[in-house]
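Listed here are the chains, written in short residue letters.
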Amino acid sequence: MSSPSSTKPDPSATASLTGDGGTAAPAGKVKLPSVVWLLGGIAFIMGTSEFVVSGLLPEISGTLGVSVSSAGTLITAFAVGMMIGAPVMSIATRRLPRRSALVAALLVFAAGHVVSALSSSLGLALVGRVAAALGNGTFWAVGAVVATAAAGPAASTRATGVMVGGITLANIVGVPLGTAAGQLGGWQAPFWMLAAFAVAAAVVVARRLPADTTRADTSLRAETAALKHPRLWLVYLAIALIQAGIMGAYSYVAPLLTERAHLASAVVPLAMLGFGIGALAGTTVGGRLGDRRPYTTLIPATAVTAVVLGAITLWATNSVVAVVLVVLLGGAGFATNPIVVGEVVRIAGAGRSLPMALATSAFQVGIATGSWLGGIALTSSLGLKGPSLTGFAFALAALLPLGLLAASHRKPESAQN
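The shown structure was predicted, so the numbers you read here are calculated from the model rather than taken from an experiment. (Residues numbered from 1 in each chain as written. Predicted model: local features only at pLDDT ≥ 70, side-chain atom pairs only at ≥ 80, totals over all residues. Heavy atoms only, no water.)

### Notes on the environment of V35
So, point 1. Assignment of secondary structure puts V35 in helix α1 (residues 34-52).
So, point 2. Exposure remark for V35: the relative accessible area of 9% places this residue in the buried category.
So, point 3. Considered as a pair, V35 and P210 are 175 residues apart in the sequence and their alpha carbons are 9.6 Å apart. (Helix = DSSP H or I, 4+ residues; strand = E, 2+ residues; numbered from the N terminus. Buried < 20%, exposed > 50% of the residue type's maximum accessible area, 1.4 Å probe, protein only.)

### Re the packing of aromatic side chains
So, point 1. Applying the stated criterion to the full structure yields five aromatic pairs.
So, point 2. On the numbers, 5.3 Å between centres and 90 degrees between planes, the contact of W187 with F191 is edge-to-face. Exposure class is identical for W187 and F191. Each is buried.
So, point 3. Pairing Y250 with F275 gives two aromatic rings, centres 3.8 Å apart and planes at 15 degrees, and the pair type is stacked. One end of the pair, Y250, is in helix α10 (residues 230-250); the other, F275, is in helix α12 (residues 268-289), and 25 residues separate them in sequence. When sorted by exposure, Y250 lands in the same class as F275, which is buried.
So, point 4. One aromatic cluster in this structure is built from Y250, F275 and F334. (Phe/Tyr/Trp six-rings, centres within 6.5 Å; stacked < 30°, edge-to-face > 60°.)

### A short note on the packing of α1 against helix α5 (residues 98-118)
So, point 1. Between α1 and α5, whose axes approach to 12 Å, the crossing angle comes to 25 degrees. Here α5 runs roughly parallel to α1, going by the angle between their axes. Classified by chirality, the crossing of α5 by α1 is left-handed. Of α5, the residues touching α1 (which contributes L39, I42, I45, M46 and S49) are L102, L106, F109 and H113.
So, point 2. Of the residues contributing to the contact of α1 with α5, the split by class is seven nonpolar, two polar and no charged. (Axes fitted to C-alpha atoms, helices over the stretch in contact; angles between N-to-C directions. Parallel < 35°, antiparallel > 145°, perpendicular 65-115°, else oblique. Left-handed = near helix turned anticlockwise from the far one by under 90°. Contact = heavy atoms within 4.5 Å. Nonpolar A, V, L, I, M, F, W, Y, C, P; charged D, E, K, R; others polar.)

### Quick look at the side chain of R260
So, point 1. Among the secondary structure elements, R260 is positioned in helix α11 (residues 253-260).
So, point 2. In this structure, R260 is buried with no salt-bridge partner, the nearest side chain bearing the opposite charge being E259 at 10.0 Å.
So, point 3. Residues within four places of R260 in sequence aside, it is in contact with P255, I312, T313, L314, W315, A316, T317, L384 and K385. (Lys, Arg positive; Asp, Glu negative; His and termini not counted. Salt bridge = Lys/Arg side-chain N within 4 Å of Asp/Glu carboxyl O.)

This is the structure in structure tokens:
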């Protein structure tokens, strides 16, 4: 097998393309290399960092002497840092060997958490969060390329599924544990822990990831040339719309469950755990099916996401029904994530970090847009139906770029018949 950092795929892993743009080889039978699981573990650390702040806002606001809403800007700063920083850092590190870039990303990520943990003002804490976001963005831009190159074409989507699964697992395990640690030992406790884990991960990457032997096609011109594919921008649009659909509703799942479905507030975390388990299952299934038939998996999953969001809008007035629908939202919505990331790799070509960085930005644009417009809808005359109805509209809109992408895959095959 070739080096994980090589831009050339493993010949033994190659497979013929189907008319759907997938591979004929049974991806589930391809054994993923250990580096993919290592990167999935690092994604768990990154995901915990991104979402743990939301559970510690009262503690942070009390320590820093600011309002809870002001403390919430730490979440916004991280999202903006990811949105802008991922492509910027991808360009800045393009001449670095990928192993060096990953180590640097982890060390910057760790330094950002140290700065935030030591801060006595909101401004300094924001600086730390932006630094952590830059490290996170760099990790995703480079790490996804390394993972898909290591897995080969027959299992590239499954490899990205492992990385996305790391984030999903962070929501199930890392965020609750981090929140509990912050409540017991001060909000800085999980920041120190994440910094220590990141440094440890950097040591493992430095020892386990093979050094680059080639740096072909790493010029800025080559990176930007990969962005000329119109289909790539359709994938970015689909990513943003799907994420906006999911987060438009899920950002306000607590009032949905307590005020509309009349669920006891103490049970809400269990419902959110169900969402996380559904998301993990969806990521796993999507990663396995998406390698062979990306669009015949992606389009139905998005359609089911829209249907679930519509059902939440109409029928989530019963606690049991509402919880079941929230779990289904996690499963259907997150099944799309590894597939769309895999499509970025297929369209832009292996070894392109800038297109992957822009995919990270597209995710963040969707998350920010969905949560923002969902909040506006919540305060409108739509009330508690507003966020899910907003999500439904976004998910429905995502079917348009996905349909165009699927049709463009079928044209070459039709022309030959």
